[in-house]
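This is what each chain is made of:
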Amino acid sequence: MEKFKLPSFGRATANHVPPDMSNVDSKARHLYVANCPNNSYALANVAAVSPADFPDNIYILVDNLFVFTTRHSNELAAGTIGFNGNQRTWGGWSLNQEVQARAFDLFRYSGKHSYLGSIDIDISFRSRGKAVNTAFDQDELALHFSKCFESQIFSPTQYLIFEFKGHIFDLKIRNLQTIDLGEVEPVAPVSSGIEAKGILTKQTQINFFKGRDGLVNLKANNSLRPRSDAVIRADFKFEDLGVGGLDREFTKIFRRAFASRIFPPSVIEKLGISHVKGLLLYGPPGTGKTLIARKIGTMLNAKEPKIVNGPEILSKYVGSSEENIRNLFKDAEAEYRAKGEESSLHIIIFDELDSVFKQRGSRGDGTGVGDNVVNQLLAKMDGVDQLNNILVIGMTNRKDLIDNALLRPGRFEVQVEIHLPDEKGRLQIFEIQTRTMRENKMMDKDVNLAELAALTKNFSGAEIEGLVKSASSFAINKTVSIGKGATKLNPKDIAKLRVTREDFLNALEEVTPAFGISEEDLKTCVEGGMIRYSDRVDSILKNGGRYVRQVRESEKSRLVSLLLHGPAGSGKTALAAAIALKSEFPFIRLISPTELSGMSEGAKITYIDNTFRDAYKSPLNILVIDSLETLVDWVPIGPRFSNNILQVLKVALKRKPPQDRRLLLMTTTSAYSVLQQMDILSCFDSEIAVPNMTTMDEFNNVMIDSNFLSDEERVSVINQLSQLCPKLNIGIKKALTNIETARHDDDPVSEIIELMAQSS
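Residues numbered from 1 in each chain as written. Predicted model: local features only at pLDDT ≥ 70, side-chain atom pairs only at ≥ 80, totals over all residues. Heavy atoms only, no water.

An unreviewed UniProt entry lists the protein chain under the name Vesicular-fusion protein SEC18, from Torulaspora globosa. Listed under Sequence similarities (unreviewed entry) in UniProt, the entry text for the protein chain is "Belongs to the AAA ATPase family." Word for word, the UniProt comment on the protein chain under Subcellular location (unreviewed entry) is "Cytoplasm". (UniProt positions renumbered as here; feature names shortened; annotations may be inferred.)

### A few points about the environment of Val216
Note on placement: Val216 falls in the loop between strand 13 (205-210) and strand 14 (217-219). In this structure Val216 comes out as buried when scored by relative accessible area, which is 0%. Once the C-alpha coordinates of Val216 and Val132 are considered, the two residues, 84 residues apart in sequence, prove to be 7.6 Å apart. When neighbours within four sequence positions are excluded, Val216 is seen to be in contact with Ile123, Ser124, Phe125, Phe136, Phe169 and Lys210. (Helix = DSSP H or I, 4+ residues; strand = E, 2+ residues; numbered from the N terminus. Buried < 20%, exposed > 50% of the residue type's maximum accessible area, 1.4 Å probe, protein only. Contact = heavy atoms within 4.5 Å.)

### Focus: the pattern of salt bridges
Here the structure, examined in full by the defined rule, presents 20 salt bridges. As a salt-bridge pair, Arg661 and Glu417 come within 3.8 Å of each other at their nearest N and O atoms. Linking Arg661 in the loop between helix 22 (643-654) and strand 25 (662-669) with Glu417 in strand 19 (residues 414-417), this pair joins segments that are 244 residues apart in sequence. For Arg661, a relative accessible area of 3% corresponds to the buried category. (Salt bridge = Lys/Arg side-chain N within 4 Å of Asp/Glu carboxyl O.)

### Let's talk about the packing of helix 20 (residues 601-614) against helix 22
Geometry of a packed helix pair, given as the angle between the helix axes and the separation of the axes. Running from N to C, helix 20 and helix 22 point in directions that differ by 10°, and their axes come no closer than 10 Å. It follows that helix 20 is roughly parallel to helix 22 by the angle criterion. Contacts between helix 20 and helix 22 involve Glu601, Lys604, Ile605, Ile608 and Phe612 on the former and, on the latter, Asn644, Ile645, Val648, Leu649 and Ala652. When the residues that make up the contact of helix 20 with helix 22 are grouped by side-chain class, the tally is seven nonpolar, one polar and two charged. (Axes fitted to C-alpha atoms, helices over the stretch in contact; angles between N-to-C directions. Parallel < 35°, antiparallel > 145°, perpendicular 65-115°, else oblique. Nonpolar A, V, L, I, M, F, W, Y, C, P; charged D, E, K, R; others polar.)

### Description of the pairing of strand 3 (residues 59-62)
Residue alternation in strand 3 divides its side chains into two sets, Tyr59 and Leu61 and Ile60 and Val62, and both sets are buried. Bridging between strand 3 and strand 4 (residues 66-72) involves four bridges; their strand directions are antiparallel. By the bridge assignment for strand 4, Tyr59 is matched with Thr69. Joining the antiparallel neighbours strand 3 and strand 4 is a turn of three residues, in which Asp63 adopts a positive phi near 50°. (Pairing = 2+ DSSP bridges.)

### Side note on the packing of aromatic side chains
Under the counting rule described, the total for this entry stands at 21 aromatic pairs. Feature note: the residues Phe125, Phe136, Phe145, Phe149, Phe154, Phe162, Phe164, Phe169 and Phe208 constitute an aromatic cluster, connected by ring pairs. Looking at Arg29, its charged tip hangs above the ring of Phe54, at a distance of 4.8 Å from the centre. Its end group placed over the ring of Tyr547, Arg546 keeps NZ or CZ at 5.0 Å from the ring centre. (Phe/Tyr/Trp six-rings, centres within 6.5 Å; stacked < 30°, edge-to-face > 60°. Lys NZ or Arg CZ within 6 Å of the ring centre and 35° of its normal.)

This is how it looks when you write it as structure tokens:
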């Protein structure tokens, strides 16, 4: 490896050594910012100094951060330093502003890694009005850059002015990699922070990329050069998006939609592939689909995304809806005709995709407008005139409603489900949502974000954000004194304002997840508590717990369906609810006739279908279907029932959830023979019989658990009832109702005996 030395300014030599800084005064000087003496200094990227202040052609450090090479100018007064406009922009200085400057020894600062192995530079026309379509050769640009600025020190974020073939460009250093000249291969990482610094040499690999305006047309004779319009910003980090819990999804999006766009076009041509043109994000509301699409522009060096809400496309005028679609692609088509594969990436984002691009023929409005809009999008994404510079991102909560032709390869071929976040993801979201609060010390030390992440099962990102807002409102409310007059704020309390753990726990009672546990309905089913009046009850609960463990732990049992059957009032629903609540699964729902009462057949089918779809969105799910015969509208007169609802339930009971989801189905019925005639029993993996109470001991246990009567009175009731009803056969629900009725009678003993005798 040849040695390098610093040449006199403006003359490149093959061999040079670093400047000897031993005799240079390192004392800091206070100087005032002035303009460059002339264009020669401006284009040379140097700091013009008076001979009275610094030696010629040395490195100086300004404000302890910015490094420049000096050049003497007799036009500058002592005590001033001349910068061009880009240098002042980089340093954030105004004319006549005081700065501190001192001689800088890079080798003391960086050690051996003081030379640039590679440097990436964004290039833009200084004046958009003087932009041209000329293709600039990257090798020629790199050679000229090296001649102009060899031996200067560069840092990421640095701004320069650059002249090439009569054109003036603005440059920005994107990132760099420093090397030790004694190393065969560079080992230092690529740096994008301003603290990284290195000396430009003839051997430095210089890569140019299109700047933010995307107007500079670059060509590369060297086919292995990186793309000049690299899609991903070099300094991009996933955490910068402020979207938590989606690392795996972002990795898939990058691999499928963007990785191929980083490679040189010639390499992709050799592979014989085209870029992905469509990306579909689907999943429950509030999981971050729209947020991802909004933020995705910040990670890309691409044209400003065009964001369209689905319904905005539609127009009442004939042909206008289709024209709106064509207009979205017009800019991409024009640039692709002009620049081909070197064209920039154009991103079009459709929110609420399902509202416009429904299955063709499903609208039934007779106009055909919806179908024409679908056809127009199909033609633009993968028609005869194919574009390779577009990426259409669609978002929907209902992937099933979208026309199937849009989901095949060539259209929205990359389909990423944005799940509800797991515990690790929820912790990331809490850290993002409370970052400002924590940085400003507005969150109390007793708040444990890991604990909150564990307590917020099935919360979406939007719901976690709502939870943080709710907790803040509880904290704020402590400082507000609301009286009959004006609302008063206590300044002392405001200074002490902190969001505490108690505030978050209060917020958890106020903010509930849309895809969580419908505890109110389930607790209503076991309102009086679970009465273990018989060993059979314990046995049923034990069996239910076994099926819960099977769903949670078995690798093969993604779906387990149980049928709890028995006489009306025997406690089937209460037992199913008790098993579900004890499971502590994140998603538990109840489908009961109460919720579907009054609905049309179509509305019932939609409700059942949506509930099952919701049950596939969480890792562990329990669905309780109460009174199956009532749900299918079965009545004994006729008999009659809804075959459509029955078929939907049959399909739903057999349909396995996605690979990483598990579902326990518990269905209750009081008409086992009816289900047998409907041929639905084969849909269940197991059956659990729930009988009535049949012994006096069981009824006595119910009276004891209900704190009904004294011991002597209960003995009297059992003795008399045994004579009246030698064979007891009554459901637990009816027995409890009789007890409550008798409790309020003047003679509860006689009343309970009479009621039980009538019920048996």
